[in-house]
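Topology and contacts: notes
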Amino acid sequence: QTFINYDEEYVYYSDKLKKYNAGSVFELGCGTGNLANRFLINGYAYTGLDLNKAMLDLAEKKAPGAKFMEADMRNFSLPEKKQACIIPARTISYLMTYKDVMDAFLSINKNLQNGGILCFDNIDATKFIPIIKNGKQIIHKAEFEGRKFHRESYWSVNESQSWAFNWHSVYFEEDANGVLKKIVEDNSTVRCFTKDDLCLFLELCNFTVKEIEERPSYAFDTFVIVAQKNS
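Presented here is an overview of the structure given in this document. Everything numeric in this text was worked out from a predicted model, so none of it was measured. (Residues numbered from 1 in each chain as written. Predicted model: local features only at pLDDT ≥ 70, side-chain atom pairs only at ≥ 80, totals over all residues. Heavy atoms only, no water.)

Points about the side chain of histidine 150
The cut-off we apply is this: By definition, any uninterrupted DSSP run of H or I lasting at least four residues is a helix, any uninterrupted run of E lasting at least two residues is a strand, and each is numbered from the N terminus. Any pair of N or O atoms that falls within 3.5 Å is considered a polar contact. Within protein, one atom must be able to donate a hydrogen and the other to accept it, and sequence-neighbouring residues count only if both atoms are side-chain atoms. We call two residues in contact whenever any of their non-hydrogen atoms come within 4.5 Å of each other.
Here histidine 150 lies in strand E7 (residues 147–158). At a separation of 3.4 Å, a polar atom in the side chain of histidine 150 contacts the side chain of glutamate 152. With residues near it in sequence (within four places) discarded, histidine 150 still touches Ile139, His140, Lys141, Val170, Tyr171, Phe172 and Leu180.

In structure tokens, the structure reads:
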């Protein structure tokens, strides 16, 4: 949570929804529900979806009035269609294949009302891949309830497919003497996209791109796309 200001994150996405008169929204990759209450208390009809049940259990405790669903973004069905979908925190990086992206965008389209809005962010491959072509290490530090944490991330290009990269992270807790004690390691292969990649995927899935804008995030060059479901 120290990497993202969720008040600013809420304002950013809610401003987009207001611009297109959207009062109902579903969030893909809602995680532990950091945005859920912010949407609820501001009058939105909100549903959060995530594939990770442990995160959803935490989300339900944080935002007991919100609706949550355990679901895969590539294949899901809401009880009622919504006016908007948001995918924050570069969650589409987990859509690794051509089919993954198509399935996700088609599922989103199916669950939006006609004219509904899709708004999401993405790591810009044209900027990020050249930065990590020879490998890159980055360190993040955070404090929570008086405890200090430290994460070392290592990024390297994965040549198995377009714009994929390996993300190896090691997490530590720092004691009173400044000594780091390892907590856990995590290995992922994710990907980024170019603007042209995503515009083509969206066109094939019956969306019209309305906006593309740069929006730097805590560690990545990021851009946001707003697309509208065609009637």
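After presenting the structure, the write-up continues.
Quick look at the sheet that holds strand E2 (residues 45–50)
Cut-off, in case you're wondering: The rule for pairing is simple: two strands pair if DSSP sees at least two bridges between them. Lines fitted to the C-alpha atoms define the axes, with helices restricted to the stretch that makes contact. Angles between their N-to-C directions range from 0 to 180 degrees.
Here seven strands make up an open sheet; going across it, the order is E3-E2-E1-E4-E5-E11-E10 and the pairing mixed. The strands lining the two open edges of the sheet, one partner per strand, are strand E3 (67–70) and strand E10 (207–214). Sheet twist, expressed as the mean angle between neighbouring strand axes with direction ignored, is 20 degrees.

Description of the sheet that holds strand E8 (residues 164–174)
Here four strands make up an open sheet; going across it, the order is E6-E7-E8-E9 and the pairing antiparallel. Of all strands in the sheet, those with a lone pairing partner are strand E6 (136–144) and strand E9 (180–191), marking the two edges. Within the sheet, the average angular offset between the axes of one strand and its neighbour, ignoring direction, is 20 degrees. Here E8 runs beside E9; their pairing, made up of eleven bridges, is antiparallel. Bridge pairing in E9 links valine 170 to glutamate 185.

Concerning the pairing of strand E1 (residues 24–28)
The two faces of a sheet get side chains in turn, since along a regular strand they alternate between them. Put simply, the test is: Exposure classes here rest on a 1.4 Å probe applied to the protein chains alone. A residue is buried below 20% of its type maximum, exposed above 50%, and partly exposed in between.
With five of five residues buried, E1 is to be regarded as a mostly interior element. Residues Ser24, Phe26 and Leu28 line one face of E1 and the alternating positions Val25 and Glu27 line the opposite face, and both faces are buried. Across five bridges, the pairing between E1 and E2 is parallel. Counted as the bridge partner of phenylalanine 26 is threonine 47 from E2.

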